[in-house]
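A look at the structure
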Amino acid sequence: MHLSALITGTNSNLGLNIAYRLLEEVPTGDKLTIIVTSRTLPKAREAIDKIKEYNEKHAHREGILSFDYILVDFSNMVSILGAVYELKKSHEKIDYLFINAAQGVYAGIDWIQATKEVLANPVKASTFPTYKIQRVGVKSRDGLGLVFQANVFGPYYFVQQLAEPLLSKSPSPKVVWISSIMSKPSYLSFADLQLLQSDISYEGSKRLVDLLHLATYKDLHTKYGITQYLTHPGIFTSFSFFQYLNPFTFYGMLLMFYVARLFGSPWHNISGWTAANAPLFACLKAHPAHDSQEKKYGSACSYNGKEYLKVTDVDPSGKADVAKYFQDLKLQWDDRLKDQISDTRKIYADS
Ligand SMILES: NC(=O)c1ccc[n+]([C@@H]2O[C@H](COP(=O)([O-])OP(=O)(O)OC[C@H]3O[C@@H](n4cnc5c(N)ncnc54)[C@H](OP(=O)(O)O)[C@@H]3O)[C@@H](O)[C@H]2O)c1
């Protein structure tokens, strides 16, 4: 069998570990194509080199392993359309799509608040931190809420564009969303679905991901035969947050994670490999007959780091409003982009 897997934002701790685990867990005789995405060519190439190196050192796959890359910025609708155009040109089908790319608009860390939270309750401080400073009101060049577009609307539009024919041509296509435990209903205001007034837009975007999954998974199956799952990776070391830490604070954070785990937190996976457990389960093992798509599949571990799957409920309040908002916005963008579909060179020239 020939399987194609696309992982958005591949050159990240979770993205790479999803790829490594695919190398190990997709039957070794199958031909596997991994499509990496990045906003920049050097990072796309680096991701491919790392995955190749992992295969040579550890996985030693027997079947043919091939790679492709797509440059895409989910905060730019023209870039998404260009990526879809490229994918349709060079691939017959996509079997697995992991929506992993995400960003926040961080301005740094409030160290006084961080110290207070860590001293008061280290487990809570490292599970639901409120000391990361996020900028408010940041818009993309498309005029949409930046975090809303990069983390939710852009990827949603991407899925909708790939559904027919690339995903629907697979015999059993899977779409796996990466959410977070930081996605409580209280993080999202229905008066501000683009998260422009929010100082916790990253968390709000993850709540939107949860609701959007609940609102769309049935339709995706009925119309295109796609099975969609909602997952989250627990808590692990993120490459993107390193820039705000020095060696002292990095090791301090790591220590806090281990302490939280010893105190019984199931979510402090720390390792990207363990964090990739739930996404891989959803992709390769989950079946709607026994694994409900109404639930959220989380990567968890015991105090000594042994991985297991932890399934949680998702509060569905407001999913119909979210569905309507996304459908309407999609129609608006279909209309705005309708003349740009024929030639990618034109698409980029116009952007
Ligand atoms: N770290 C945690 O503890 C944690 C907890 C819960 C959930 N998560 C979720 O797990 C996923 C992976 O997290 P991570 O920490 O491994 O990743 P990360 O370091 O935050 O990076 C994710 C990737 O997303 C890509 N990206 C960012 N903005 C983008 C945009 N506008 N368009 C296209 N791509 C964009 C970047 O790729 P390029 O720079 O190459 O373009 C980046 O490599 C994310 O969805 C995150 O929200 C993480």
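Treat the numbers as computed from the prediction; the structure is a model and nothing was measured.

So, the overall build of the chain
Helix and strand counts for the chain stand at twelve helices and twelve strands. Structurally, the chain occupies a C-alpha span of about 55 × 50 × 40 Å along its principal axes. Buried residues in the chain amount to 55% of all 351 residues. Counted over contacts in the chain with a minimum sequence separation of 6, partners at least 24 positions apart contribute 77%. Of the roughly 15700 Å² of accessible surface on the chain, 54% is carried by carbon and sulfur atoms. Between the centroid of the 38 positive side chains of the chain and the centroid of its 34 negative side chains there is a distance of 2 Å.

Quick word on a nonpolar patch on the surface
Among the surface-exposed residues, L262, F263 and Y303 lie close enough to one another that they form a single nonpolar patch of about 440 Å² accessible area. Within the secondary structure, L262 sits in helix α8 (residues 247-262). Judged by relative accessible area, which is 64%, L262 ranks as exposed.

A word on helix α6 (residues 146-167)
In a regular helix each residue adds 1.5 Å, so 22 residues correspond to 32 Å; α6 covers only 27 Å between its end C-alpha atoms and thus falls short of that length. If you look at α6, its biggest bend is around 35 degrees, right at F153, and the proline P155 turns up within four residues after that.

Let's talk about the packing of helix α1 (residues 13-25) against helix α10 (residues 277-285)
Where α1 meets α10, the axes come as close as 10 Å, and the angle between the chain directions of the two elements is 45 degrees. The orientation of α1 relative to α10 falls into the category oblique. You can see that α1 and α10 cross each other, and the crossing is right-handed. Here α1 contributes I18, R21, L22 and E25 to the contact with α10, which in turn contributes N277, P279, L280, L284 and K285.

A look at the confidence of the model for the chain
When pLDDT is averaged across the chain, the result is 94; 97% of the residues are at 70 or more. Highest mean pLDDT in the chain belongs to strand β4 (residues 96-99) (99); lowest belongs to helix α12 (residues 344-350) (46). Segment residues 344-351: pLDDT under 50, and 14 contacts once partners within four positions in sequence are set aside and those in other chains are kept.

Some remarks on the nonpolar core
Core analysis: the biggest nonpolar cluster contains 46 residues, and F153 and F158 have the highest contact counts within it. The set of elements that each furnish at least two residues to this core consists of α3 (77-90), β4, α6, β7 (174-178), α7 (201-224) and α11 (319-337). Residues within four places of F158 in sequence aside, it is in contact with L6, T8, F74, I80, A83, V84, L87 and L97. Grouped together as the second largest cluster of nonpolar side chains are 35 residues, I48, I178, A276 and L280 included.

As for the packing of α7 against α11
At a minimum axis distance of 8 Å, the contact between α7 and α11 shows a crossing angle of 85 degrees. It follows that α7 is roughly perpendicular to α11 by the angle criterion. Residues L208, L211, L212, L214 and A215 of α7 form the contact with α11, whose participating residues are K319, V322, A323 and F326. Of the residues assigned to the contact of α7 with α11, the class counts are eight nonpolar, no polar and one charged.

Re the site of the ligand
Residues in close proximity to the ligand total 29 residues, the closest being S38, R39, N100, Y202 and S238. Here an oxygen atom of the ligand and a backbone polar atom of A102 are 3.4 Å apart. Here an oxygen atom of the ligand and a side-chain polar atom of K206 are 3.0 Å apart. Considered on its own, the ligand offers 890 Å² of accessible surface; in the complex 92% of this is hidden by protein. Its residues assigned to classes, the shell around the ligand comprises twelve nonpolar, 13 polar and four charged.

The rules behind each value
- Residues numbered from 1 in each chain as written.
- Predicted model: local features only at pLDDT ≥ 70, side-chain atom pairs only at ≥ 80, totals over all residues.
- Heavy atoms only, no water.
- Helix = DSSP H or I, 4+ residues; strand = E, 2+ residues; numbered from the N terminus.
- Buried < 20%, exposed > 50% of the residue type's maximum accessible area, 1.4 Å probe, protein only.
- Contact = heavy atoms within 4.5 Å.
- Areas by Shrake-Rupley, 256 points an atom, 1.4 Å probe, with all protein chains shown as cover.
- Lys, Arg positive; Asp, Glu negative; His and termini not counted.
- Charge placed at Lys NZ, Arg CZ, Asp CG, Glu CD.
- Patch = residues over 30% accessible without salt bridge, like charges linked within 9 Å, V, L, I, M, F, W, Y side chains within 5 Å.
- Salt bridge = Lys/Arg side-chain N within 4 Å of Asp/Glu carboxyl O.
- Expected span 1.5 Å × (residues − 1).
- Bend = angle between axes of the 7 residues up to and from the residue.
- Axes fitted to C-alpha atoms, helices over the stretch in contact; angles between N-to-C directions.
- Parallel < 35°, antiparallel > 145°, perpendicular 65-115°, else oblique.
- Left-handed = near helix turned anticlockwise from the far one by under 90°.
- pLDDT = per-residue confidence, 0-100.
- Core = buried A, V, L, I, M, F, W, Y, C linked by side-chain atoms within 4.5 Å.
- Nonpolar A, V, L, I, M, F, W, Y, C, P; charged D, E, K, R; others polar.
- Near = heavy atom within 4 Å.
- Polar contact = N/O pair within 3.5 Å; in protein donor to acceptor, adjacent residues only side chain to side chain.

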